[in-house]
Amino acid sequence: MSKNLLILSLFCVAFFFKIEKASTQSMAIEKQNNTLKQPPYLKAGDTVAIVAPSGILKNRTDEVQQAQALLKRWGLHSVVGEHVFSKADHFAGTDDERCEDLQKALDNPKISAIWCARGGYGIVRLLDKLDFSKFKENPKWVIGYSDITALHNQIHNEGVESLHAIMCVSLPKDESEIKESLSTFKNTIFGKPLNYTLEGSKYNKTGSASGQLVGGNLTILHTMLGSKTSINTSGKILFIEEIGEYKYHIDRMLQSLKRAGYFDNCKGVIIGDMTKLRKNTTLWGTSIEQLILDALSVYDFPIAFNMPTGHEKDNRALILGRMVNLTVNSNESKVIFK
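Residues numbered from 1 in each chain as written. Predicted model: local features only at pLDDT ≥ 70, side-chain atom pairs only at ≥ 80, totals over all residues. Heavy atoms only, no water.

## Section: the overall build of the protein
Along the protein, the regular secondary structure elements total nine helices and 13 strands. Here the protein has a C-alpha radius of gyration of 22 Å; the compact-globule value for 338 residues is 20 Å, and the two agree. Structurally, the protein occupies a C-alpha span of about 80 × 45 × 40 Å along its principal axes. By residue count, 51% of the 338 residues in the protein fall in the buried class. Taking as baseline every contact in the protein between residues at least 6 positions apart, the subset at least 24 positions apart corresponds to 80%. Put simply, the protein shows about 16100 Å² of open surface, and 51% of that area lies on carbon and sulfur atoms. Considering the protein, the positive charge centre built from 41 side chains and the negative charge centre built from 36 side chains are found 2 Å apart. (Helix = DSSP H or I, 4+ residues; strand = E, 2+ residues; numbered from the N terminus. Rg over C-alpha atoms; globule rule 2.2 N^0.38 Å. Buried < 20%, exposed > 50% of the residue type's maximum accessible area, 1.4 Å probe, protein only. Contact = heavy atoms within 4.5 Å. Areas by Shrake-Rupley, 256 points an atom, 1.4 Å probe, with all protein chains shown as cover. Lys, Arg positive; Asp, Glu negative; His and termini not counted. Charge placed at Lys NZ, Arg CZ, Asp CG, Glu CD.)

Pasting the structure below:
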């Protein structure tokens, strides 16, 4: 074989593998963007399981009982996991105990929704122990936020929608204080349309986009990088919220996500509450909104601020994995769930 023919052959082989790789990547992205399974909406008489897959519920029995009473008023039954009030150092029971409660709820076809009692930290320790095979055959709503973002991520990658919404410990004695949080939570699980018009912001980056809504707590999204629980955001709209961080921590996480290609093919970003930000001795120098805009300045997708979701009392429900239309202007933004 001549030298030129050999070079041509090697070029053709390399070109073929490049095309095949691109095709495989395209198929993977298309698969990620396929419509996820929607768990059946709830109806009167359905049963909700309350579990505690993360932090300890020390002196929180009243909130769980209040959550059960709330569900009863909505015409729903409830069961509380056997180990919800167990204690194992930082956690609501050992990893095996918390996993047992969650696995039973995932597997039980008589359970229509799983409501996490609280977040904190700990669900990541269970993800590789869980079996989602029966859950995918009989999907149900998994509800929570904060640390539960890790579970939402995994459920998204299993091909099922989930609900970013309040948890049992979010309930104050006077429930009127979280009227909007409760109404959007109830309306969503019972299948009523979910749409939001957000207050405008001078920081909004205008534009419009459509895609599956994904995301949650920024710290959890950041810590999922490099694992099978990390979300492919290509063609999707990302929601983020945070609590108790320094501004430079938030910038560091955004820079890490950016360098990992997290935003490269993202269609839009929705910014929720940035709550109880800590002050460093060396001040950052700009607002949190400007920090986010600066970190994402190289991208041309729309960015909407003022989504009332996160660690504030007004914590409105979001269907993760559902297709949404996002329209962002300076005077208002609209989030329309399809």
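## With respect to empty space enclosed by the protein
Within the structure shown, the criterion is met by one cavity of 30 Å³ or more. Considered as a void within the structure, the largest cavity measures approximately 30 Å³ in volume. Looking at the largest cavity, the residues that line it are His-152, Asn-153, His-156, Ser-162, Val-214, Gly-215, Ile-231 and Leu-320. Mapped onto the lining of the largest cavity, the elements with two or more residues apiece are α5 (149–157) and β7 (207–217). (1 Å grid on protein atoms, 1.4 Å probe; cavity = no way out; pocket = protein on both sides within 12 Å on 5 of 7 lines; lining within 4 Å. Points joined across faces, edges and corners; volume = space filled by probe spheres on them.)

## A look at the pairing of strand β12 (residues 323–328)
The side-chain alternation of β12 yields one buried face, formed by Val-324, Leu-326 and Val-328, and one unburied face, formed by Met-323, Asn-325 and Thr-327. Relative to β12, β7 is paired through six bridges, and the arrangement is antiparallel. Following the sheet pairing, Ser-210 is matched in β12 by Asn-325. The antiparallel pairing of β12 with strand β13 (residues 332–337) creates a hairpin that spans three residues between the two strands. (Pairing = 2+ DSSP bridges.)

## A few points about the sheet that holds strand β11 (residues 318–320)
As summarised here, the arrangement of the six strands in space is β2-β1-β3-β4-β5-β11, forming an open sheet in which the pairing is mixed. Where the open sheet ends on each side, the last strands, each with one partner, are β2 (77–80) and β11. Averaged over all adjacent pairs, the angle separating strand axes in this sheet is 25 degrees, with direction ignored. With three bridges joining them, strand β3 (residues 111–116) and strand β4 (residues 141–144) adopt parallel strand pairing. Bridge pairing in β4 links Trp-115 to Ile-143. Along the sheet face, helix α2 (residues 61–73) touches β1 (47–51), β2 and β3 and points at about 170 degrees away from the line of β1. (Axes fitted to C-alpha atoms, helices over the stretch in contact; angles between N-to-C directions.)

## What about the sheet that holds β12?
Reading across the sheet, the seven strands line up as β6-β13-β12-β7-β8-β9-β10 and stay open at both edges, with mixed pairing between neighbours. Each having just a single partner strand, β6 (195–199) and β10 (303–304) make up the two edges of the open sheet.

## Examining the pairing of β3
In terms of burial, β3 is a largely internal element, six of the six residues being buried. With five bridges joining them, β1 and β3 adopt parallel strand pairing. Bridge pairing links Val-48 to Ala-113 in β3.

## Concerning the nonpolar core
Grouped together as the largest cluster of nonpolar side chains are 71 residues, with contacts concentrated most on Trp-115 and Leu-151. A total of five residues in this core trace back to one element, the largest contributor, which is β3. Setting aside residues no more than four positions away along its own chain, Leu-151 makes contact with Leu-102, Ile-123, Leu-127, Leu-130, Phe-132 and Val-142. In terms of nonpolar packing, the next biggest core, distinct from the first, is built from 27 residues, Tyr-262, Phe-263, Leu-293 and Phe-305 among them. (Core = buried A, V, L, I, M, F, W, Y, C linked by side-chain atoms within 4.5 Å.)

## Topic: the confidence of the model for the protein
In this model, the protein carries a mean pLDDT of 92, and residues with pLDDT of at least 70 account for 90%. Note on residues 12–32: pLDDT is under 50 here. Beyond four places in sequence and across chains, it has seven contacts. (pLDDT = per-residue confidence, 0-100.)

## Digging into helix α6 (residues 179–189)
Looking only at α6, the buried set comprises Ser-181, Leu-182, Thr-184, Phe-185, Thr-188 and Ile-189. Here the buried face of α6 lies against α2, β3, β4, β5 (162–164), β6 and β11. Just past α6, the residue Gly-191 takes up positive phi, approximately 90 degrees.

## Section: helix α8 (residues 247–259)
The end-to-end C-alpha distance of α8 is 18 Å, a good match for the 18 Å that 13 residues give at a rise of 1.5 Å each. Where α8 is concerned, the buried positions are His-249, Ile-250, Asp-251, Met-253, Leu-254 and Leu-257. Taken together, the buried residues of α8 touch α7 (218–223), β8 (237–243), β9 (268–275) and α9 (288–295). Gly-261, located one to two residues past α8, shows a positive phi value of around 80 degrees. (Expected span 1.5 Å × (residues − 1).)

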